[in-house]
Amino acid sequence: MTDTTTTTNSLNKFEKLKAEKDGLTVKGEIEKFANLGWEAMDETDRDHRLKWMGVFFRPVTPGKFMMRLRMPNGILTSNQILVLAEVLQRYGDDGSADITTRQNLQLRGIRIEDLPDIFNRFNAVGLTTVQSGMDNVRNITGDPVAGLDADELYDTRDLVQQIQDMLTNKGEGNAEFTNLPRKFNIAIAGGRDNSVHAEINDLAFVPAFKEGFGFNVLVGGFFSAKRCEAAIPLNAWVTPEEVVALCRAIIEVYRDHGLRANRQKARLMWLIDEWGIVKFRTEVEKRLGKSLLPAAAKDEIDWEKRDHIGIYKQKQPGLNYVGLHIPVGRLYAEDMLAIARLAEVYGSGEIRFTVEQNIIIPNIPHSRLETFLTEPLLERFSVHPGLLARSLVSCTGAQFCNFALIETKNRALATVKALEAELILTRPVRIHWTGCPNSCGQPQVADIGLMGTKVRKNGKTLEGVDIYMGGKVGKDAHLGTCVTKSVPCEDLQPVLQELLIAHFGAKLRQEALVSS
Ligand code: SRM
Ligand code: SF4
């Protein structure tokens, strides 16, 4: 499938393991693995190929696997959440779930012997984990308030589902797309505020008018330890009906021509660099079997980004959606049961997830709103969190991720709590933590991004961060850059305090008291 002439011997480790056996093959071997147990099974299947089924061996917690779902447009039903919660319940304290920066969920503590039963339960309620890791297309993000927002330009839900169905053969797995050169991210924006971070996806569609409604197409956005780039225009405009075919054409070109020799240089942008955007566009047109129209002169992203926390009227008269803040996206089985109940009792049983690792419960009638707001769960998952907590995002970090250079989630929460106690803020400040340069926590899109690193202080190696600033989201989105390197985490709080005072209008509570 690739146009390289490399022999199997000269392939890198990952190309080799894919050439030996396609990752999706493990789908038929789950029962066998469950019987063998994690210690006896083939290590390459366990550590790598299982990721094609969304099952991740965690070297930090051997024997306790992580499962990454696919949640098109970040939407679940209460029935699906109940099944996920029941799966977690059997693992006691080991069982938890994280909302991810791709509007998705990851479950933790999973035992391999339970996989056959878990997959059966997932199938019964239409949940899939297929192709959610390794060299596959990740969870496809769409507007979190699609179909609810009176100002939306396009309801992205169906399109996102169609793309997922095409790539995964309706969740069954599709060997056409299981051997990409690297991971691949797709996002579709349907509103005016770019709620999906279009600019950091390998392929993104942003609303634009030309011959009626359609999308301008962006390509090549990505973060990696080696390089971070915002997506660039493909100079193409497509109607919604053309989106799925264009996704297919672009992914086929990437699959067949993407660079595979060096995994640090395998994301789509590296191919675009090598070919130039004009040749890339021409190759995509060849696959598509027709010419693409040039991009519309301007796109419709002209709002600041919303975070959807709080209470908002829907376009459906008499209904509201309510965004709840989930601190650093961490949930336990009991929380999920409670969320499912709230969605059922007050809403329509639907729960949505955002790339800021929070949830939205839609379809709550005005008449039920007041009672909804008295629910005890909202004391923890607030509709009006503090101005720093509100926008806090954190990747997994050292608790479960073996790439991590630092612990992130707990530290992120503790730091923000302390800062909110010291400071009076007048606006939300988006602080993103990421445990290593892979940038899963997207520090480059943040007002203040914190990237884990190791630092030397007084002859000791300590956990520290590089500080990023200037990330702009929504209208005119652009990436932030590193402004300070190697701050030990133990010295971080005063540094952040100064930044918040100098750049974001924060005031010390003490001083505010004295002057009033
Ligand atoms: Fe990520 C690898 C977690 C979003 C860039 N990412 C990993 C692994 C699988 C590494 C591992 O095996 O331990 C992490 C799993 C840790 C764990 O146990 O949770 C991991 N990535 C995450 C999540 C869970 C972070 C979070 O807390 O939200 C996100 C899952 C999204 C999902 O639902 O699929 C997550 N990762 C991202 C993003 C953000 C995004 O998509 O907007 C990025 C940067 C954007 C991008 O990819 O262009 C990202 N993750 C990476 C990379 C660097 C990719 C590269 O081209 O080099 C790696 C390392 C790799 O793939 O080799 C990585
Ligand atoms: Fe792990 Fe690094 Fe990604 Fe955080 S940024 S989840 S530490 S790979």
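What counts and what doesn't
- Residues numbered from 1 in each chain as written.
- Chains lettered and ligands numbered in written order.
- Predicted model: local features only at pLDDT ≥ 70, side-chain atom pairs only at ≥ 80, totals over all residues.
- Heavy atoms only, no water.
- Helix = DSSP H or I, 4+ residues; strand = E, 2+ residues; numbered from the N terminus.
- Contact = heavy atoms within 4.5 Å.
- Areas by Shrake-Rupley, 256 points an atom, 1.4 Å probe, with all protein chains shown as cover.
- Lys, Arg positive; Asp, Glu negative; His and termini not counted.
- Charge placed at Lys NZ, Arg CZ, Asp CG, Glu CD.
- Domains from an automatic or database assignment.
- Buried area = accessible area lost by both parts, 1.4 Å probe.
- Salt bridge = Lys/Arg side-chain N within 4 Å of Asp/Glu carboxyl O.
- Polar contact = N/O pair within 3.5 Å; in protein donor to acceptor, adjacent residues only side chain to side chain.
- Nonpolar A, V, L, I, M, F, W, Y, C, P; charged D, E, K, R; others polar.
- Pairing = 2+ DSSP bridges.
- Axes fitted to C-alpha atoms, helices over the stretch in contact; angles between N-to-C directions.
- Phe/Tyr/Trp six-rings, centres within 6.5 Å; stacked < 30°, edge-to-face > 60°.
- Buried < 20%, exposed > 50% of the residue type's maximum accessible area, 1.4 Å probe, protein only.
- Expected span 1.5 Å × (residues − 1).
- Near = heavy atom within 4 Å.

Draft legend 1. Local environment of the overall build of the protein. In terms of regular secondary structure, the protein is built from 15 helices and 23 strands. By its C-alpha atoms, the protein is 75 × 60 × 55 Å across when sized along the principal axes. A separation threshold of at least 6 residues defines the contact pool for the protein, and within that pool the share at least 24 residues apart is 69%. Carbon and sulfur atoms make up 51% of the accessible area of the protein, which totals about 20100 Å². Distance between charge centroids for the protein: 3 Å, based on 63 positive and 65 negative side chains.

Draft legend 2. Examining the domain arrangement of the protein more closely. If you check the domain split of the protein, you get domain 1 (1–128), domain 2 (135–305), domain 3 (310–327 + 335–385) and domain 4 (390–515). If you average the C-alpha positions of domain 1 and of domain 3, the two centres end up 30 Å apart. The interface is formed by 20 residues belonging to domain 1 together with 15 residues belonging to domain 3. Overall, the association of domain 1 and domain 3 removes approximately 1500 Å² of surface from exposure, summing both partners, and the carbon and sulfur fraction of that is 71%. By the criterion of area lost to domain 3, the three top residues of domain 1 are Ser78, Ile81 and Ile99, representing 38% of everything that side buries. Inspection of the region where domain 1 meets domain 3 yields zero salt bridges. Put simply, domain 1 and domain 3 have six residue pairs in polar contact (both at pLDDT 80 or more) between them. Every element with two or more residues in the side of domain 1 that touches domain 3 is listed here: β3 (75–77), α4 (78–89) and β4 (96–99). Per-element accounting of the side of domain 1 that touches domain 3 gives the leading share, eight residues, to α4. Across the side of domain 1 that touches domain 3, the residue classes tally to eleven nonpolar, eight polar and one charged.

Draft legend 3. Region of interest: the sheet that holds β3. Read across the open sheet, the five strands follow the order β3-β15-β16-β13-β12; overall the sheet is antiparallel. Strands at the two margins of the open sheet, each flanked by one partner only, are β3 and β12 (310–313). On average, each strand axis in the sheet is tilted by 25° relative to the strand beside it, whichever way the strands run. Pairing of strand β15 (residues 350–353) with strand β16 (residues 359–365) involves two bridges; the strand directions are antiparallel. Bridge assignment links Arg352 to a residue of β16, and that residue is Ile360. Strands β3 and β15 of the sheet are contacted by α4, whose axis makes an angle of about 85° with β3.

Draft legend 4. Summary view of the packing of aromatic side chains. Enumeration according to the criterion identifies twelve aromatic pairs in this entry. Ring plane angle 5° and centroid distance 5.4 Å describe the contact between Tyr154 and Phe213, whose orientation is recorded as stacked. Of this pair, Tyr154 sits in the loop between α5 (115–124) and α6 (157–168) while Phe213 is found in strand β8 (residues 212–219), placing the two residues 59 residues apart along the sequence. Ring geometry for Phe184 and Tyr254: centres 5.4 Å apart, planes at 40°, overall tilted. You can see Phe184 sitting in the loop between α6 and β6 (186–188) and its partner Tyr254 sitting in helix α7 (residues 243–257), a full 70 residues away along the chain. Phe184 gets classed as buried once you look at its relative accessible area, which sits at 0%.

Draft legend 5. Seen up close, the pattern of salt bridges. Evaluation of the coordinates by the stated rule reveals 51 salt bridges. Asp98 serves as the salt-bridge partner of Arg330, at 2.5 Å between the closest nitrogen and oxygen. Here the residue Arg330 occupies a position in strand β14 (residues 330–331), and Asp98 occupies one in strand β4, the gap between them amounting to 232 residues. Taken as a pair, Arg330 and Asp98 share a single burial class, namely buried. Linking Arg263 and Asp135 is a salt bridge whose minimum nitrogen-to-oxygen distance equals 2.9 Å. Highlighted residues: Arg263 in the loop between α7 and α8 (268–275) and Asp135 in the loop between α5 and α6, separated in sequence by 128 residues. For the pair formed by Arg263 and Asp135, the shared burial category is buried.

Draft legend 6. How the structure looks around the sheet that holds strand β11 (residues 232–238). A sheet is described by the order of its strands in space; here four strands give the open sequence β6-β7-β8-β11, paired in mixed fashion. Every other strand in the sheet has two partners, leaving β6 and β11 as the edge strands with one partner each. Within this sheet the neighbouring strands show an average axis-to-axis angle of 30°, counted without direction. The pairing of β6 with strand β7 (residues 203–210) spans three bridges and is classified as parallel. Bridge pairing in β7 places Ile186 opposite Leu203. Packed on one face of the sheet, helix α9 (residues 277–288) meets β8 and β11 and runs near 30° to β11.

Draft legend 7. Local environment of the side chain of Ser224. Examined against the element boundaries, Ser224 turns out to sit in the loop between β9 (222–223) and β10 (228–229). For Ser224, a relative accessible area of 13% puts it in the buried group. Here Ser224 is in contact with Pro437 and Asn438, once residues within four sequence places are set aside.

Draft legend 8. Structural context of α9. An ideal rise of 1.5 Å per residue puts 16 Å on twelve residues; α9 measures up with 16 Å between its terminal C-alpha atoms. Summarising the contacts, the buried residues of α9 are in contact with β8, β11, α7 and α8. Where α9 ends, the next residue or the one after it, Gly289, has phi of about 80°, a positive value.

Draft legend 9. Region of the structure containing the site of ligand 1. Close to ligand 1 lie 32 residues, the nearest being Thr100, Arg108, Lys183, Thr396 and Cys440. In the environment of ligand 1, an oxygen atom lies 2.7 Å from a nitrogen or oxygen atom belonging to the side chain of Lys183. Elements with a minimum of two residues in the shell around ligand 1: β2 (65–68), β5 (105–110) and β9. Per-class residue counts for the shell around ligand 1 are ten nonpolar, 13 polar and nine charged.

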